[in-house]
Amino acid sequence: ETGVTQSPTHLIKTRGQQVTLRCSSQSGHNTVSWYQQALGQGPQFIFQYYREEENGRGNFPPRFSGLQFPNYSSELNVNALELDDSALYLCASSRADTQYFGPGTRLTVL
Amino acid sequence: GESVGLHLPTLSVQEGDNSIINCAYSNSASDYFIWYKQESGKGPQFIIDIRSNMDKRQGQRVTVLLNKTVKHLSLQIAATQPGDSAVYFCAENGRTSGGSNYKLTFGKGTLLTVNP
């Protein structure tokens, strides 16, 4: 176990709704990165948070946003959900350059 | 540009055999690579990493080889066990657009099946 936790485990939403996913980083890790993993694919980088600010972003639209809190935990928010947003959402925490992943949140958009 | 790809999508081996999973990368500036194992319904699990100043690194039953000339790396698993059955990803660790930290670029993965 990495010590990275995510909630909820599973989530079902309908198109157009909004969702918030949560991640608690491993103790001592100050950086949280979020990834989207579609079925049968490798994870795709969404963005990263460091010192409560976004520190790098992948090719995802602005309706994907996030927060990092003083205790280094983080949230991923997705507005105006689309069917293609159905995926496993992974967060990874790090202190240096090695990232350790949580178990993920499975989001299904109907 | 950045891309990390795998040669084979599936690999089936007998228990006790050695397994070799291959990975190609395209960014010659890449200097840090990580292999992850992902079991069904779980997040990727760190296995082993290697930096570009090394050609080989060994862990417990695993070895990673890096060939910078042809931009290729491989993961070798010795005496493969049923518990090794999973999807294996190689990932390139590169700087984010912010420049101060790192992001991972993954390939599609190789499904390893170990037959008893």
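Just so it is clear, the structure is predicted and the values come from calculations on it, not from any experiment.

**Student:** In this structure, what is going on with the pattern of salt bridges? I would like to understand it.
**Tutor:** Between side chains of opposite charge, pairing is possible as soon as their charged atoms come close. Tallying each qualifying case throughout the model produces 9 salt bridges over all chains. Residues Glu82 of chain A and Arg63 of chain A are paired through a salt bridge, measuring 3.3 Å at the closest nitrogen-oxygen approach. Here Glu82 of chain A, found in the loop between β8 (74-78) and β9 (87-94), pairs with Arg63 of chain A, found in the loop between β6 (53-57) and β7 (64-68); they are 19 residues apart in sequence, far enough to count as distant. The partner of Asp84 of chain B in a salt bridge is Arg61 of chain B, and the shortest N-O contact between them spans 2.9 Å. Highlighted residues: Asp84 of chain B in the loop between β8 (72-77) and β9 (86-95) and Arg61 of chain B in the loop between β6 (56-58) and β7 (62-67), separated in sequence by 23 residues. Among the charged side chains, a network of salt bridges with common partners joins Arg63, Glu82 and Asp85 of chain A.

**Student:** Hey, could you run me through the interface of chain B and chain A in this one?
**Tutor:** How big an interface is tends to be reported as the loss of accessible area on association of its parts. If you look at the interface, chain B gives 23 residues, while chain A gives 24 residues. Between chain B and chain A the total buried area reaches about 1700 Å² when both faces are included, carbon and sulfur atoms providing 49% of it. Three residues, Pro44, Asn101 and Phe106 of chain B, lead the burial of chain B against chain A; their summed loss comes to 25% of the area buried on that side. At the junction of chain B and chain A, the tally comes to 1 salt bridge. Linking chain B with chain A are 6 residue pairs in polar contact (both at pLDDT 80 or more). Across the side of chain B that touches chain A, the residue classes tally to 8 nonpolar, 10 polar and 5 charged.

**Student:** Please explain the packing of aromatic side chains as it appears in this structure.
**Tutor:** To describe a pair of aromatic rings, you give the distance between the ring centres and the angle between the ring planes. One pass over the structure, following the stated rule, counts 12 aromatic pairs over all chains. Seen in terms of ring centroids, Tyr35 of chain A and Phe101 of chain A are 5.5 Å apart; in terms of plane orientation they differ by 55°. Their pairing is tilted. Of this pair, Tyr35 of chain A sits in strand β4 (residues 31-37) while Phe101 of chain A sits in strand β10 (residues 100-101), and the two are 66 residues apart along the sequence. Residue classification places Tyr35 of chain A among the buried residues on the basis of a relative accessible area of 0%. One aromatic cluster is present, built from ring pairs that chain together Tyr35, Phe45, Tyr100 and Phe101 of chain A together with Tyr36, Phe46, Phe89 and Phe106 of chain B. The ring centre of Tyr32 of chain B lies 3.9 Å from the NZ or CZ of Arg51 of chain B, which sits over that ring.

**Student:** Can you help me understand unusual backbone geometry in this one?
**Tutor:** For residues besides glycine, phi is generally negative; the peptide bonds are generally trans as well. With omega at -10°, the peptide bond leading from Ser7 of chain A into Pro8 of chain A counts as cis. Structurally, Pro8 of chain A can be placed in the loop between β1 (5-7) and β2 (10-13). Of note, Arg51 of chain A is a non-glycine position whose phi angle comes to about 50°, a positive value. As for its placement among the helices and strands, Arg51 of chain A is situated in the loop between β5 (44-50) and β6. Classification of Arg51 of chain A as exposed rests on a relative accessible area of 64%. Notably, Arg61 of chain B is not glycine yet its phi reads approximately 65°, a positive angle. A residue is classified by how much of its surface remains accessible, and Arg61 of chain B, at 30% relative accessible area, is partly exposed.

**Student:** Teacher, can you tell me more about the state of the cysteines here?
**Tutor:** In protein chemistry, a disulfide is the covalent bond that joins the sulfur atoms of two cysteines. Counted according to the given criterion, the structure contains 2 disulfides over all chains. Between the sulfur of Cys23 of chain A and that of Cys91 of chain A lies a disulfide, 1.9 Å long from S to S. The sign of the 70° torsion about the S-S bond sets the Cys23 of chain A-Cys91 of chain A disulfide as right-handed. Within this pair, whereas Cys23 of chain A is found in strand β3 (residues 19-24), its partner Cys91 of chain A is found in strand β9, the two being separated by 68 residues in sequence. Overall, the relative accessible area of 2% leaves Cys23 of chain A in the buried class. Assessed through its relative accessible area of 0%, Cys91 of chain A is described here as buried. Residue pairing for Cys23 of chain B: its cysteine sulfur links by disulfide to Cys90 of chain B, the two sulfurs lying 1.7 Å apart. Of note, the bridge from Cys23 of chain B to Cys90 of chain B carries an S-S torsion of about 45° and is right-handed in sense. On the criterion of sequence distance, the pair formed by Cys23 of chain B in strand β3 (residues 19-25) and Cys90 of chain B in strand β9 is long-range, its members being 67 residues apart. Both residues of the pair, Cys23 of chain B and Cys90 of chain B, belong to the buried class.

About the cut-offs
Residues numbered from 1 in each chain as written. Chains lettered and ligands numbered in written order. Predicted model: local features only at pLDDT ≥ 70, side-chain atom pairs only at ≥ 80, totals over all residues. Heavy atoms only, no water. Salt bridge = Lys/Arg side-chain N within 4 Å of Asp/Glu carboxyl O. Helix = DSSP H or I, 4+ residues; strand = E, 2+ residues; numbered from the N terminus. Contact = heavy atoms within 4.5 Å. Buried area = accessible area lost by both parts, 1.4 Å probe. Polar contact = N/O pair within 3.5 Å; in protein donor to acceptor, adjacent residues only side chain to side chain. Nonpolar A, V, L, I, M, F, W, Y, C, P; charged D, E, K, R; others polar. Phe/Tyr/Trp six-rings, centres within 6.5 Å; stacked < 30°, edge-to-face > 60°. Buried < 20%, exposed > 50% of the residue type's maximum accessible area, 1.4 Å probe, protein only. Lys NZ or Arg CZ within 6 Å of the ring centre and 35° of its normal. Disulfide = S-S within 2.5 Å.

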